[in-house]
Amino acid sequence: MTSFMIDEAVNKRTPLKWTSYDTCPFCNIIANKLPAFRVLETDMVIAFLDILPIRPGHTLVVPKMHCSNLSDLPSDYSRAVGEALSTIANAITRGMTINLNVVCNQGYGQAVPHVHFHMVPAPRTVEPPSTQSPTNRSMNHHEMVMSEYHRREELDEDTGRNMADRIRSRL
Ligand code: 5GP
Ligand code: ZN
């Protein structure tokens, strides 16, 4: 699977920003010009697995309209996205784990300038703070985000197919 972001991730570089419609990876997925493991699609929304999952099942919910900021998204798309979030949350919690993080980055931490919600199933266990190294404790916010980013690995074909099937089957 290809992505505008994979080269940066594999080579551990800070991701570029995409600013024009032609190069927006999500518009290309919507237009079927880029592959993705789709879990849900309606007239107004698409949801697919993140190509660099933070945790297994990491899903992106995306309005089918190129708009950078959630705060600028027309309300009919917001409603459609909200409904998709709820439907997919229900599918994930019935199939994997009851705990989820749902995040929409606007500007800060946003690499792809097309509104999207990250739905990330929670880890099964959380390390207690006492196991963190002093190095971790002294990291600033940006360093922490980058250290998490560098730990992520590309979604492989089998895992992607199975995970998308699992979520789709519970919609
Ligand atoms: P942001 O940092 O903008 O909130 O998150 C963008 C997300 O989009 C990242 O988690 C990244 O892995 C994901 N992403 C970027 N390009 C692609 C792509 O081509 N396909 C898929 N499935 N995900 C992508
Ligand atoms: Zn777009």
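Rules behind the numbers
- Residues numbered from 1 in each chain as written.
- Chains lettered and ligands numbered in written order.
- Predicted model: local features only at pLDDT ≥ 70, side-chain atom pairs only at ≥ 80, totals over all residues.
- Heavy atoms only, no water.
- Helix = DSSP H or I, 4+ residues; strand = E, 2+ residues; numbered from the N terminus.
- Near = heavy atom within 4 Å.
- Polar contact = N/O pair within 3.5 Å; in protein donor to acceptor, adjacent residues only side chain to side chain.
- Areas by Shrake-Rupley, 256 points an atom, 1.4 Å probe, with all protein chains shown as cover.
- Nonpolar A, V, L, I, M, F, W, Y, C, P; charged D, E, K, R; others polar.
- Salt bridge = Lys/Arg side-chain N within 4 Å of Asp/Glu carboxyl O.
- Phe/Tyr/Trp six-rings, centres within 6.5 Å; stacked < 30°, edge-to-face > 60°.
- Buried < 20%, exposed > 50% of the residue type's maximum accessible area, 1.4 Å probe, protein only.

- Where an unreviewed UniProt entry is consulted, the chain appears under the name HIT-like protein, with the organism given as Dacryopinax primogenitus.

## Quick word on the environment of D43
Phase 1: Inspection of the secondary structure assignment puts D43 in the loop between strand 1 (38-41) and strand 2 (45-49).
Phase 2: When the C-alpha positions of D43 and A80 are compared, they lie 9.1 Å apart, and in sequence the two are 37 residues distant.

## Re the site of ligand 1
Phase 1: In the neighbourhood of ligand 1, 20 residues make up the surrounding shell, with D50, G109, A111, H116 and H118 lying closest.
Phase 2: Separating an oxygen atom of ligand 1 from a backbone N or O atom of G109 is a distance of 2.8 Å.
Phase 3: Within the backbone of V112, an N or O atom sits 2.9 Å from an oxygen atom of ligand 1.
Phase 4: Here ligand 1 loses 96% of its free accessible area of 520 Å² to cover by the protein chains.
Phase 5: Put simply, the parts of the chain that give the shell around ligand 1 at least two residues each are helix 2 (25-30) and strand 2.
Phase 6: The dominant element in the shell around ligand 1, judged by the number of residues it contributes, is helix 2, at 3 residues.
Phase 7: Of the residues contributing to the shell around ligand 1, the split by class is 12 nonpolar, 6 polar and 2 charged.

## Let's talk about the pattern of salt bridges
Phase 1: Counting across every chain of the model gives 6 salt bridges.
Phase 2: With its nearest N and O atoms 3.5 Å apart, the salt bridge here joins R161 to D158. Residue R161 and its partner D158 are located together in helix 6 (residues 157-168), separated by 3 residues, close to a single helical turn.
Phase 3: Members of the salt-bridge network, linked through shared partners, are R38, E41 and K64.

## Notes on the packing of aromatic side chains
Phase 1: Taken as a whole and assessed by the stated rule, the structure comprises 1 aromatic pair.
Phase 2: Seen in terms of ring centroids, F26 and F48 are 5.4 Å apart; in terms of plane orientation they differ by 70 degrees. Their pairing is edge-to-face. With F26 in helix 2 and F48 in strand 2, the pair connects residues that are 22 residues apart, well separated along the chain. By the burial criterion, F26 is buried, and F48 matches it.

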